[in-house]
Amino acid sequence: MTRRHPLDPLTADEIRATAAIVRSECGVTDRWRFASIDLKEPSRGSLSDIAQSPPGRVAEVVCWNRDDGAAFKGTLSLDSNSVLSWERLLPGEHPAMTPDEFHECDTALRNHPRVIEALAQRGVTDMDLVLFDTWAYGAELVPEAYRGRRIAWADVWHRNSPESNPYANMVSGLHPIVDLNTMELVELEDVEPGPPPHIMGEYDPKLVPGLKLRDDIKPLDITQRDGASFTLDGNHLKWQKWAMRLGFNYREGLVLHTLTYEDGGRQRNIAHRLSFAEMVVPYRDPTPDHYRRTAFDIGEWGLGLMTTSLELGCDCLGEIAYLDAVLFDSHGEPYTIRNAICIHEEDDGVLWKHVDERTGAETRRMRRLVVSFHATVANYEYLVYWRFYQDGNIQCEVRATGIMVTTPFAGDPPPYGTVIDDRTYAPFHQHFIVARLDLDVDGERNTVYATEAAPVPDGRYRIALTQRATPLRSEREGVQDYDWGRQRGWKVVNDNVTNGLGTPVGYKLEPGAAIPPLLDADSPVVRRARAIEHTLWVTPYAEDERWPCGEFPNLSADDSGLPVWTARDREIENTDVVLWYVFGINHVTRPEDWPVMPVDTVSFWLKPFGFFDRNPALDVPGHDPAHPDV
Ligand SMILES: [Cu+2]
């Protein structure tokens, strides 16, 4: 059996042991709930000699007492079964939402006489067809009487039939407000709706009237008769010259650790850790059904907890390796998400090519390694793909799909969305993702340079174009925005290491899918998510700085992450830098996104820039070396 590595996620036994320690040592009873149980990753220093002195296994836990709301964060040694720290959360800090509460809230509401009555008034009497979709809040929008409590609000949806799409029919104007600790309905907003629209919101072929499936598609098989070219040893993944360690946690989902590329016999460092640290989805519609609707899918709900099992032939084609993920429920019991992470290779067209008049064509096909996971956050799905290429490129792609939030309207359509069906519109919204990129280009000491095109205005031909690279020396300088006019990008450079040409080695962040907030700086959403106000932030590595909108965005009023850390204006030159890259989708909803959205795809790239001396993919063979006759 493969020996566990200090960065491997907690096992089911370790999750059980963590819950048992806090029960026996901290007075945690059955009335308590767990919002998180996670590995406290060992410090990078302690990873240097794990064979001689492996770092201890430490778990980090957030849990709270449902009786009085008191919430605590603890760290626990799994080697000595002891409590290392146990601290109460500050006022205003609330543990993240849990899937168990989502389900309990649904059960409480579907059995509540006032809710049953309100639905009956609207002609909805079969409660089996109703779905209650609980959302988290910003503190400022919680009705004053309930502030400080663990309050959530809900949408109500209903299915036309037992297997039809619940998100096809919003019960507009009906919004329960619930205390999640007591599951008490504290308020029921009930605004009389207009007449229901006649819409077709089904995507399951058997429910789509008159749908004829295409019959002109022949099989396309992906086969690798000798198997895949990667090896997976526990969580350690090797493919051609790339090597990395795969991690997974409740909040970020997939994490990539210790990413290296082999070059001339040397394992060269590129990144220490890559992950998604936050996702902020504000709906830009101030009407009663939507004004509260801002999701922090990572900080409030957890991309890991929302991760769904992948299926061969549908989600991934070819020779696939899967990794399961082990998570916890709110009672501290472990469970497994089967096939949570998919690893496979893909053909990606031409890698490089030239046709010489005399010698003919030299063409190389490109192969890429893809590491992916899919999260379903209620109506929406996020498909996350990290891709590694033979030329040293790294692409991070996100595909948004699933079902849009839609609402019926009476009279003129509201200006905050697109009409997508009979008297029904889909509100505009944005998906901001904050990628946390802890790069280590040939070592820890790196400097980020903003690079810009700099045309020379005078000169004989008025054609000169130069490139300007400005080092970002402090956190204030590290706050950067996308600039199309100057083709701004960011190069992460190790000034202490030069390539064969004598220039410092670097990797460049190419800013794909950068979107502006388009929000007033004083809006409650921005106050909770200052991180989305800029395209890039750069901080010096600090172990406890992981959550750009704060550790506890649930019911938050202010962003206690990036804006607070960077206010110190620490030096970021020639040090272990962390880049926080904000990208996403400004989702101007389309009729074609209904009733299920074809994927909306966005990505950014990390590309070697002087990391190598020349094209590192010259050594890619022109044909399959195992089958030269092919
Ligand atoms: Cu969207």
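Refer to the preceding data block for the structure.
Residues numbered from 1 in each chain as written. Predicted model: local features only at pLDDT ≥ 70, side-chain atom pairs only at ≥ 80, totals over all residues. Heavy atoms only, no water.

Asks: Any chance you could explain the overall build of the chain here in plain terms?
Replies: Broken down by element type, the chain carries six helices and 30 strands. A compact globule built from 630 residues should have a C-alpha radius of gyration of about 25 Å, and the chain, at 26 Å, falls within 12% of that. By the burial criterion, 54% of the 630 residues in the chain qualify as buried. Here the contacts in the chain between residues at least 6 apart in sequence split such that 65% fall between residues at least 24 apart. For the chain, the accessible surface area stands at approximately 27900 Å², while carbon and sulfur atoms represent 50% of it. (Helix = DSSP H or I, 4+ residues; strand = E, 2+ residues; numbered from the N terminus. Rg over C-alpha atoms; globule rule 2.2 N^0.38 Å. Buried < 20%, exposed > 50% of the residue type's maximum accessible area, 1.4 Å probe, protein only. Contact = heavy atoms within 4.5 Å. Areas by Shrake-Rupley, 256 points an atom, 1.4 Å probe, with all protein chains shown as cover.)

Asks: Just to check I follow, could you spell out the coordination of the copper ion for this structure?
Replies: Angles at a metal have ideal values that depend on geometry: 109.5 degrees with four tetrahedral donors, 90 or 180 degrees with six octahedral donors. At this site the copper ion is bound by Tyr380 (OH), His429 (NE2), His431 (NE2) and His587 (ND1), with donor distances of 1.8 to 2.0 Å. Between the four donor atoms coordinating the copper ion, the angles at the centre fall across 93 to 142°, so the site counts as irregular. Donor residues binding the copper ion come from one chain and are separated in sequence as Y-x48-H-x1-H-x155-H. Across the pair, His431 and His429 agree in class, each one buried. (Donors = N, O, S within 2.8 Å, 3.2 Å for Na, K, Ca; no water. Tetrahedral: all angles 85-135°; square planar, octahedral: opposite > 155°, others 65-115°.)

Asks: It is not clear to me how the sheet that holds strand β15 (residues 321-328) should be interpreted in this structure. Could you clarify?
Replies: One key point about sheets: their strands pair by backbone hydrogen bonds, in either a parallel or an antiparallel sense. The strand order across the open sheet built from 10 strands is β15-β16-β17-β18-β19-β30-β27-β26-β24-β25, with neighbouring strands paired in antiparallel fashion. Each edge of the open sheet carries a strand with a single partner, namely β15 and β25 (465-471). Each strand of the sheet is rotated relative to its neighbour by a mean of 25°, with strand direction disregarded. For β15 and strand β16 (residues 334-356), the ladder comprises seven bridges, and the chain directions are antiparallel. For Phe328, the partnering residue across the bridge sits in β16 and is Pro334. This element, helix α1 (residues 12-25), spans β15 and β16 of the sheet and lies at about 10° to β15. (Pairing = 2+ DSSP bridges. Axes fitted to C-alpha atoms, helices over the stretch in contact; angles between N-to-C directions.)

Asks: What's the story with the state of the cysteines in this structure? I'm lost.
Replies: By definition, a disulfide is the covalent link that joins the sulfur atoms of two cysteine residues. Per the stated rule, a full pass over the model turns up zero disulfides. Looking at the unpaired Cys63, the closest cysteine sulfur is the one in Cys26, lying at 7.4 Å. (Disulfide = S-S within 2.5 Å.)

Asks: Is there a simple way to explain the nonpolar core in this structure?
Replies: Soluble globular proteins tend to bury their nonpolar side chains together. In terms of nonpolar packing, the biggest core is built from 136 residues, with Phe276, Trp386 and Leu437 touching the most fellow members. Phe276 has contacts with Glu252, Ile298, Leu303, Val384, Trp386, Cys396, Val398, Ile433, Val434, Ala435 and Phe583, leaving out every residue within four places of it along the chain. Grouped together as the second largest cluster of nonpolar side chains are 19 residues, Phe296, Ala529, Leu562 and Val578 included. (Core = buried A, V, L, I, M, F, W, Y, C linked by side-chain atoms within 4.5 Å.)

Asks: Would you mind going over the side chain of Glu14 with me for this structure?
Replies: With respect to the helices and strands, Glu14 occurs in helix α1. Polar side-chain contacts of Glu14 include one of 2.9 Å to the backbone nitrogen of Thr11. Discounting residues that sit within four places of it in the chain, Glu14 has contacts with Pro9, Arg57 and Leu78. (Polar contact = N/O pair within 3.5 Å; in protein donor to acceptor, adjacent residues only side chain to side chain.)

Asks: I would appreciate a short explanation of the pattern of salt bridges in the present structure.
Replies: Oppositely charged side chains can form a pair if their charged atoms are brought close together. Using the criterion set out here, one finds 49 salt bridges in the structure. One salt bridge connects Arg44 with Asp576, and the closest N-O pair in it is separated by 2.7 Å. Highlighted residues: Arg44 in the loop between β1 (32-39) and β2 (58-65) and Asp576 in the loop between α6 (562-566) and β29 (577-587), separated in sequence by 532 residues. We classify Arg44 as buried; its relative accessible area is 17%. Within this structure, Arg44, Asp438, Asp440, Glu444 and Asp576 form a network of salt bridges that share partners. (Salt bridge = Lys/Arg side-chain N within 4 Å of Asp/Glu carboxyl O.)

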